[in-house]
Amino acid sequence: MASTMLSLVSASMPLQENHKGKMNLGSSDCGSFLRKEKRNPFMKTKSVGRINMAITVNASRFEGITMAPPDPILGVSEAFRADNNEMKLNLGVGAYRTEELQPYVLNVVKKAENLMLERGENKEYLPIEGLAAFNKVTAELLFGAGNPVIEQQRVATVQGLSGTGSLRLAAALIERYFPGAKVLISSPTWGNHKNIFNDARVPWSEYRYYDPKTVGLDFDGMISDIKVAPEGSFVLLHGCAHNPTGIDPTPEQWEKIADVIQEKNHIPFFDVAYQGFASGSLDADASSVRLFAARGMELLVAQSYSKNLGLYAERIGAINVVCSSADAAAREEIVSSGFFRLSSSRFLNAHLRVKSQLKRIARPMYSNPPIHGARIVANVVGDPALFNEWKEEMELMAGRIKNVRKKLFDSLSAKDKSGKDWSFILKQIGMFSFTGLSNVQSENMTNKWHVYMTKDGRISLAGLSLAKCEYLADAVIDSFHNVS
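Here the structure is a predicted model, which is why all the values come from computation and not from measurement.

Caption draft 1: Layout of the sheet that holds strand β6 (residues 204-208). Spatially, β4-β12-β11-β10-β9-β5-β6 is the arrangement adopted by the seven strands of the open sheet, whose pairing is mixed. This sheet does not close on itself; its edge strands, each paired only once, are β4 (155-161) and β6. Direction aside, the axes of adjacent strands within the sheet are offset by 25° on average. The pairing of strand β5 (residues 183-187) with β6 spans five bridges and is classified as parallel. Residue pairing in the sheet places serine 187 in a bridge with arginine 208 of β6. The sheet contacts of helix α7 (residues 191-199) involve β5, β6, β9 (234-238) and β10 (267-272), and relative to β6 the element is tilted by about 155°.

In structure tokens form, the structure reads like this:
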């Protein structure tokens, strides 16, 4: 807060009497005195009548910091809350809602929390790498309990702050041990990916992914861009339910992607935010990651439990690093490939070395991760009865989104008389649909129809109910045909 100082020139200053014997304030002598004083850069002098007021302003050291732009996704929710229209829809944030458009806490999560209360578990600090029981079950859930990478202890798993924090740990690892290496990111991608790598000072470039002409995958462009990337680049891949497009490669296309990445000696880097939530099957949604692991490739995988267990606010996830096989590494006199450039005749404990460096990065960043969400996951995934119940609930959630997707397609097809093919909506998967609407058309959706969405045309079907599909169809048709 600025402070002010009113200074009346007093007897301490040289005074001069006029011919009538009265004192003059601010006489020439006084003015000379003031001019000789050292100027205070934070003091502004203003003359009011015959009194000089000196105003001292304490300027903030932070004046040079500019206002940051609103988050393109979270800002949508803020605008939605300020809208009083009864037909408004929030299709911006990727958070599951019931048919009544209310947040949903899974029953299995409530049961896991009750178990924690019954056991009287404490709130002590976790180790830097997180809860051991969580790290064990999350790696097994991702790769499969009997996977060779698990049995051969080739996976370094560290609990992270959901998907974002896990990606950030991996980005720091890349910056520290692969200086100059570039990360290839799909165009488009989740809005926070670029922020994460920019913040970690990791260079990135884009590979083609979305084809606006077909509202589908530009597979040829994707393969071409991965081929021409500098050898040894990290290729960021969405394990399932690509965000924001909802467009995934086919199994055959995943094989081709793996071929090219191996040929170019690139390192695959998966972001798995929707395992089990996309198709309703945990195994099907992890098939892309398991394909690469089965080929013996080194890879990174970030996981999140925000969507599939609804643990949005718990910030629970993990970063997994799969290292080379012990046998192959032991043949090297000097290790200079994969995740370790260390002079050594043996490479048998690579995952331990990687984990040690991830812990080293995490310590000054956030010290250690939260325990509540980790215990929920460990309880649910580690208990056969709770695990089966979770799979049933996931199938119900995924099923509701599939029903909404089908109803939206039916409504668009019935209402739009132009003959436009809306079948691309059915070909997409997961909680999002990429509508193909432009920035201006998306603004019309919000300004006229009170449908809040990101400006790239993405809508979250998890925030849509069957009852409002026809209303949304009207908004999409109007925006697509009448706004250019």
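Next comes the rest of the description.
Caption draft 2: Layout of helix α2 (residues 74-82). All buried positions along α2 are accounted for by Val76, Ser77 and Phe80. Along α2, the residues classed as buried sweep out an arc of 95° about the axis, all on the same side. In α2, the exposed residues that point more than 90 degrees away from the buried face are Leu74, Glu78, Arg81 and Ala82.

Caption draft 3: Representation of the packing of aromatic side chains within the structure. For the structure on display, the rule yields 16 aromatic pairs. Residues phenylalanine 134 and tyrosine 305 carry aromatic rings whose centres are separated by 5.8 Å and whose planes lie at 70° to one another, so their mutual orientation is edge-to-face. Separated by 171 residues along the polypeptide, phenylalanine 134 in helix α4 (residues 132-143) and tyrosine 305 in the loop between β11 (299-304) and β12 (316-322) bring together distant segments of the chain. Between tyrosine 207 and tyrosine 209, the aromatic rings sit 6.5 Å apart at their centres with planes inclined by 65°, giving edge-to-face as the arrangement. Across the pair, exposure class does not vary: tyrosine 207 and tyrosine 209 are buried alike. Each residue in the set Tyr96, Tyr104 and Phe277 is aromatic and connected to the rest through ring pairs, giving one cluster. Across the ring face of phenylalanine 80, the terminal group of lysine 88 is positioned such that the distance to the ring centre comes to 4.3 Å. Here lysine 420 stacks its cationic end above the ring of tryptophan 422, 4.9 Å away from the centre of that ring.

Caption draft 4: Main features of the pairing of β9. Burial analysis of β9 places five of its five residues in the buried class, the great majority of the element. Burial along β9 is two-sided: the face carrying Phe234, Leu236 and His238 and the face carrying Val235 and Leu237 are both buried. Sheet topology places β5 next to β9; two bridges connect them, and they run parallel. From the neighbouring strand, leucine 184 faces β9, where its bridge partner is valine 235. Two strands pair when backbone bridges link them, and β9 and β10 are joined in this way by five bridges, in the parallel orientation. By the bridge assignment, leucine 236 is partnered in β10 with phenylalanine 269. In terms of handedness, the path from β9 via helix α9 (residues 251-263) over to β10 forms a crossover that is right-handed.

Caption draft 5: Representation of the side chain of histidine 193 within the structure. Structurally, the position occupied by histidine 193 is in helix α7. When residues no more than four places from it in sequence are discounted, the contact partners of histidine 193 are Leu167, Leu236, His238 and Asp271.

Caption draft 6: Structural detail: helix α14 (residues 372-382). Burial runs high along α14: nine of the 11 residues are buried. Considered for burial, the residues of α14 that qualify are Gly373, Ala374, Arg375, Ile376, Val377, Ala378, Asn379, Val380 and Val381. Residues of α14 that are buried sit in contact with α3 (107-119), α4, β4, β12 and α15 (384-415).

Caption draft 7: Representation of the pattern of salt bridges in the model. Scanning the entire structure with this criterion turns up 15 salt bridges. With a closest N to O distance of 2.9 Å, glutamate 389 and lysine 111 form a salt bridge. Pair noted here: glutamate 389 is in helix α15 and lysine 111 is in helix α3, with a separation of 278 residues, a long-range link. Assessed through its relative accessible area of 40%, lysine 111 is described here as partly exposed. Bridged by salt links that share partners, the residues Arg119, Glu121 and Arg375 form one connected network.

Caption draft 8: Quick look at unusual backbone geometry. Proline 188 follows serine 187 through a cis peptide bond whose omega is 5°. Note that proline 188 resides in the loop between β5 and α7. With a phi close to 55°, alanine 241 is a non-glycine residue in the positive phi region. Residue classification places alanine 241 among the buried residues on the basis of a relative accessible area of 3%. Phi angles above zero are rare outside glycine, and asparagine 265 is one such case at about 60°. For asparagine 265, the position within the fold is in the loop between α9 and β10.

Rules used in this analysis
Sequence order sets the numbering: in each chain, residues are counted from 1 along the sequence as written. The predicted nature of this model means local features are confined to residues of pLDDT at least 70 and side-chain atom pairs, given and counted, to a pLDDT of 80 or more, with totals for whole chains, interfaces and linings taken over all residues. The side-chain numbers reported here are obtained from all heavy atoms of the structure, hydrogens and water having been left aside. In this description, strands pair whenever DSSP reports at least two bridges between them. To qualify as a helix, a DSSP run of H or I must reach at least 4 residues; to qualify as a strand, a run of E must reach at least 2; elements of each kind are numbered from the N terminus. Under this scheme, a helix contributes an axis fitted over its contacting stretch, all axes are lines through C-alpha atoms, and angles between N-to-C directions fall in the 0 to 180 degree range. Note on contacts: a residue pair qualifies if any of its non-hydrogen atoms lie within 4.5 Å across the two residues. Relative accessibility decides the category of a residue: with a 1.4 Å probe and only protein chains considered, values under 20% of the type maximum give buried, values over 50% give exposed, and everything between is partly exposed. Taking the helix axis as origin, the arc is that swept by the directions to the C-beta atoms. Working definition: rings of Phe, Tyr and Trp (its six-membered ring) pair if their centres are within 6.5 Å, and the pair is stacked with planes under 30 degrees apart, edge-to-face with planes over 60 apart, and tilted otherwise. The rule is short: NZ of Lys or CZ of Arg within 6 Å of the ring centre and within 35 degrees of the ring normal puts a charge over the ring. The handedness of a crossover follows from its direction of travel: if, with the strands pointing away from the viewer, the path from the first strand over the helix to the second runs clockwise, the crossover is right-handed. One speaks of a salt bridge when a side-chain nitrogen belonging to Lys or Arg is within 4 Å of a carboxyl oxygen belonging to Asp or Glu.

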